[in-house]
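Chain by chain, the residues run as shown.
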Amino acid sequence: MITVNCRDVPSLKSPLAIFTSDRVGAIPALKINEFVLSSIEDEDIDPAEVIQAIKIFLESIAIDKHFAVIRKEDTISVVSIDDYNLEIKSGPTDQFFSCVHCGHVTPYEPVHNTHMKIHYL
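Below, the structure is looked at part by part.

Rules and cut-offs
- Residues numbered from 1 in each chain as written.
- Predicted model: local features only at pLDDT ≥ 70, side-chain atom pairs only at ≥ 80, totals over all residues.
- Heavy atoms only, no water.
- Helix = DSSP H or I, 4+ residues; strand = E, 2+ residues; numbered from the N terminus.
- Expected span 1.5 Å × (residues − 1).
- Buried < 20%, exposed > 50% of the residue type's maximum accessible area, 1.4 Å probe, protein only.
- Arc of directions from axis to C-beta.
- Contact = heavy atoms within 4.5 Å.
- Pairing = 2+ DSSP bridges.
- Axes fitted to C-alpha atoms, helices over the stretch in contact; angles between N-to-C directions.
- 1 Å grid on protein atoms, 1.4 Å probe; cavity = no way out; pocket = protein on both sides within 12 Å on 5 of 7 lines; lining within 4 Å.
- Points joined across faces, edges and corners; volume = space filled by probe spheres on them.
- Patch = residues over 30% accessible without salt bridge, like charges linked within 9 Å, V, L, I, M, F, W, Y side chains within 5 Å.
- Areas by Shrake-Rupley, 256 points an atom, 1.4 Å probe, with all protein chains shown as cover.
- Salt bridge = Lys/Arg side-chain N within 4 Å of Asp/Glu carboxyl O.
- Lys, Arg positive; Asp, Glu negative; His and termini not counted.
- Charge placed at Lys NZ, Arg CZ, Asp CG, Glu CD.
- Core = buried A, V, L, I, M, F, W, Y, C linked by side-chain atoms within 4.5 Å.
- Polar contact = N/O pair within 3.5 Å; in protein donor to acceptor, adjacent residues only side chain to side chain.

## So, helix H2 (residues 47-60)
Then step 1. Across its 14 residues, H2 extends 20 Å between first and last C-alpha, which sits within 8% of the 20 Å expected from 1.5 Å per residue.
Then step 2. When we look at burial in H2, the residues that qualify are Pro47, Val50, Ile51, Ala53, Ile54, Phe57 and Leu58. Buried residues along H2 cover an arc of 160° about the axis, so they all sit on one side. Away from its buried face by more than 90 degrees, H2 exposes Glu59 and Ser60.
Then step 3. Buried residues in H2 make contact with strand E1 (2-5), helix H1 (13-24), strand E3 (34-39), strand E4 (67-72) and strand E5 (75-80).
Then step 4. Looking at the residues trailing H2, positive phi occurs at Ala62, about 60°.

## Observations regarding the sheet that holds E5
Sheet strands line up and pair through hydrogen bonds in the backbone, either parallel or antiparallel.
Then step 1. With mixed pairing, five strands are arranged side by side in an open sheet as E2-E3-E1-E5-E4. Because the sheet does not close on itself, it has two edges, and the strands there are strand E2 (26-30) and E4. Adjacent strand axes in the sheet meet at a mean angle of 20°, parallel and antiparallel pairs treated alike.
Then step 2. With three bridges connecting them, E1 and E5 associate as parallel partners. Looking at E5, one finds that Val4 is bridged to Ile76.
Then step 3. Of the strands in this sheet, E1, E3, E4 and E5 touch H2, which is tilted by about 170° from E4.

## Thoughts on empty space enclosed by the protein
Then step 1. Going through the model one piece at a time under the given rule, you end up with one cavity of 30 Å³ or more.
Then step 2. The calculated volume of the largest cavity comes to roughly 40 Å³.
Then step 3. Looking at the largest cavity, the residues that line it are Ser14, Ala17, Ile18, Pro28, Leu30, Phe96, Ser98 and Val105.
Then step 4. Mapped by element, the contributors of at least two residues to the lining of the largest cavity are H1 and E2.

## Things to note about a negative patch on the surface
Then step 1. On the surface, Glu41, Asp42, Glu43, Asp44, Glu73 and Asp74 cluster together into a negatively charged patch.
Then step 2. Positionally, Glu73 belongs in the loop between E4 and E5.
Then step 3. On the basis of relative accessible area, Glu73 is assigned to the exposed category, the value being 66%.

## A look at the nonpolar core
Among soluble globular proteins, nonpolar side chains are generally buried collectively.
Then step 1. Counting 22 residues, the largest nonpolar core has Val4, Leu37, Val50, Ile54, Leu58 and Val78 as the members making the most contacts within it.
Then step 2. Ranked by residue count, the leading element in this core is H2, at five residues.

## Focus on unusual backbone geometry
Then step 1. One non-glycine residue, Ala62, lies in positive phi territory at about 60°.
Then step 2. With respect to the element layout, Ala62 can be found in the loop between H2 and E4.
Then step 3. Positive phi, close to 55°, is recorded for Glu73, a residue that is not glycine.

## Comments concerning the side chain of Asn5
Then step 1. Relative to the helices and strands, Asn5 is located in strand E1.
Then step 2. In terms of polar contacts, Asn5 uses its side chain to reach the backbone amide nitrogen of Arg7, at 2.9 Å.
Then step 3. Non-local contacts of Asn5, meaning those with residues more than four positions away in its chain, are made with Asn33, Glu34, Ile76, Ser77 and Val78.

Limitation: the analysis is restricted to geometry and does not speak to function.
Dropping the structure here:
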């Protein structure tokens, strides 16, 4: 299990969690200022792959020069280098619903509720 600290990039926590989990093949669990990646199988997640995925994500939105990705044991932090402030877009909230059974992630609560029902049939 790997924890990714997103205190310096709170508006990017959810999209970063989705991108990173898809890239490394893990299940994300969102927390207040961080997200946790759990392996799908019994294999450990390679922290180097997680760091690479985070760097690719930051490059894709052209802010990679403003942030460093630092690893300390099983925690990876995205840290602002030059006090760069991300502009938070107004609009829909950055809330996602995650299935505790299989990791299915959706921004829509009705879809999440329907999905949860399949685990109890």
